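Remarks on the overall topology
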Amino acid sequence: MASEHKFRLGILGSGKGSNFVAIAGACASGEIPAGVALVLSDVEGSGILTHARERNLPARFISPGKFRTKLDEDAERAFVGALQEARVDLIVLAGFMRVLKGEFLRAFEGRIVNIHPSLLPSFPGLAAWQQALDHGVKVTGCTVHFVDAGVDAGPIIGQQTVPVRDHDTPDSLIQRIHTAEHELYPKCVAAIARGEISVQGRRVVWKKN
Ligand code: GRF
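Parameters and conventions
Residues numbered from 1 in each chain as written. Predicted model: local features only at pLDDT ≥ 70, side-chain atom pairs only at ≥ 80, totals over all residues. Heavy atoms only, no water. Near = heavy atom within 4 Å. Polar contact = N/O pair within 3.5 Å; in protein donor to acceptor, adjacent residues only side chain to side chain. Areas by Shrake-Rupley, 256 points an atom, 1.4 Å probe, with all protein chains shown as cover. Core = buried A, V, L, I, M, F, W, Y, C linked by side-chain atoms within 4.5 Å. Buried < 20%, exposed > 50% of the residue type's maximum accessible area, 1.4 Å probe, protein only. Helix = DSSP H or I, 4+ residues; strand = E, 2+ residues; numbered from the N terminus. Domains from an automatic or database assignment. Contact = heavy atoms within 4.5 Å. Phe/Tyr/Trp six-rings, centres within 6.5 Å; stacked < 30°, edge-to-face > 60°. Lys NZ or Arg CZ within 6 Å of the ring centre and 35° of its normal. Expected span 1.5 Å × (residues − 1). Buried area = accessible area lost by both parts, 1.4 Å probe. Salt bridge = Lys/Arg side-chain N within 4 Å of Asp/Glu carboxyl O. Nonpolar A, V, L, I, M, F, W, Y, C, P; charged D, E, K, R; others polar.

Taken together, G15, K16, G17, S18, N19, G95, I115, H116, P117, H178 and E181 are the residues near the ligand. For the ligand, an oxygen atom lies 2.8 Å from a polar atom in the backbone of G17. Here a nitrogen atom of the ligand and a backbone polar atom of I115 are 2.9 Å apart. In isolation the ligand exposes 370 Å². Once the protein is present, 86% of that is buried.

Here it is, written out as structure tokens:
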């Protein structure tokens, strides 16, 4: 069922969709005062589309086109058109594995958020948990941030720490980071939906802090 809320989320993902599940659950319980208006994926048969359809939420695969790490022009137009048609207020990237560029960023400027599995600005890019293990840090975590033209670079909305244990494997560390993500992302999206945060340059200010 499409969102009946005033504040409408468009969620983009390429993978399992565990963050989508956390956010959709928080919308359903009222923790996030918003509804999921549309779920889009660049991967046919991805977990996120399955989870969305199981919840009767509008969900579509859109072919990403000819590039590997970004959307081509036609795909960009199709993504932007679908999200505008669904009248989304906020784009929530939940494991979307392509970098968003020009037309997309212009269409939704200041209205795109992402979650990254490290404490940015440490370990941007791929396999952030592996980067944390390789570096030997004792604490890592996850970051929710606004998306700008850089990679994992926009103003930081929220962060949650996760300890790195001496005998962690990539799997054990990822699991701990995911648990933190599923707490942090709904809190940040809820604050945005309630109009409780403002952006002042690089700083995101929470009105209730
Ligand atoms: C998460 O670890 C997130 O930080 C990263 O992609 C992963 C998505 O996982 N951007 P899921 O599809 O939400 O399970």
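Further remarks concern the nonpolar core. Core analysis: the biggest nonpolar cluster contains 41 residues, and L9 and I11 have the highest contact counts within it. Top element by residues in this core is helix 6 (residues 170-193). It accounts for eleven residues. Formed jointly, this core draws a minimum of three residues from each of two domains, domain 1 (1-109) and domain 2 (115-209). Other than its neighbours up to four places away in sequence, L9 contacts I23, C27, A34, G35, V36, A37, L38, V88, L90, V92 and V189. The next biggest cluster of nonpolar side chains, apart from the first, holds 22 residues, and it includes I91, F96, F104 and V147.

Let's shift gears to the environment of A82. In this structure, A82 sits in helix 3 (residues 73-85). Its relative accessible area of 7% is what places A82 among the buried residues. Look past the residues within four positions of A82 in its chain and what remains in contact with it is L38, L40, R60 and I62.

On to the packing of aromatic side chains. Scanning the model with the defined rule gives two aromatic pairs in all. When the centroid spacing of 5.8 Å and the interplanar angle of 55 degrees are considered together, the rings of F79 and F96 count as tilted. Separated by 17 residues along the polypeptide, F79 in helix 3 and F96 in the loop between strand 4 (90-93) and helix 4 (102-107) bring together distant segments of the chain. You'll find F79 and F96 in the same group, each marked buried. Ring centres of F104 and F108 lie 5.4 Å apart, and the angle between their planes is 50 degrees; this geometry places the pair in the tilted category. One exposure class covers both F104 and F108, and it is buried. Cation over ring: K70 sits above F67, and NZ or CZ is 4.6 Å from the ring centre.

Further remarks concern helix 6. With 24 residues, helix 6 should cover 34 Å at 1.5 Å per step; its first-to-last C-alpha distance of 33 Å lies within 8% of that length. Phi turns positive one or two residues past the end of helix 6, at G195, with a value near 70 degrees.

With that out of the way, let us pick up the domain arrangement of the protein chain. Quoted interface sizes are often the accessible area lost when the parts come together. As assigned here, the protein chain comprises domain 1 (1-109) and domain 2 (115-209). Distance between the C-alpha centres of domain 1 and domain 2: 20 Å. Each partner contributes to the interface: domain 1 provides 18 residues, whereas domain 2 provides 17 residues. Between domain 1 and domain 2 the total buried area reaches about 1,400 Å² when both faces are included, carbon and sulfur atoms providing 72% of it. Taken together, the links from domain 1 to domain 2 amount to zero salt bridges. Here domain 1 is connected to domain 2 by four residue pairs in polar contact (both at pLDDT 80 or more). It is helix 1 (residues 18-29) that contributes the most residues to the side of domain 1 that touches domain 2, five residues altogether. Split into classes, the residues belonging to the side of domain 1 that touches domain 2 amount to 14 nonpolar, two polar and two charged.

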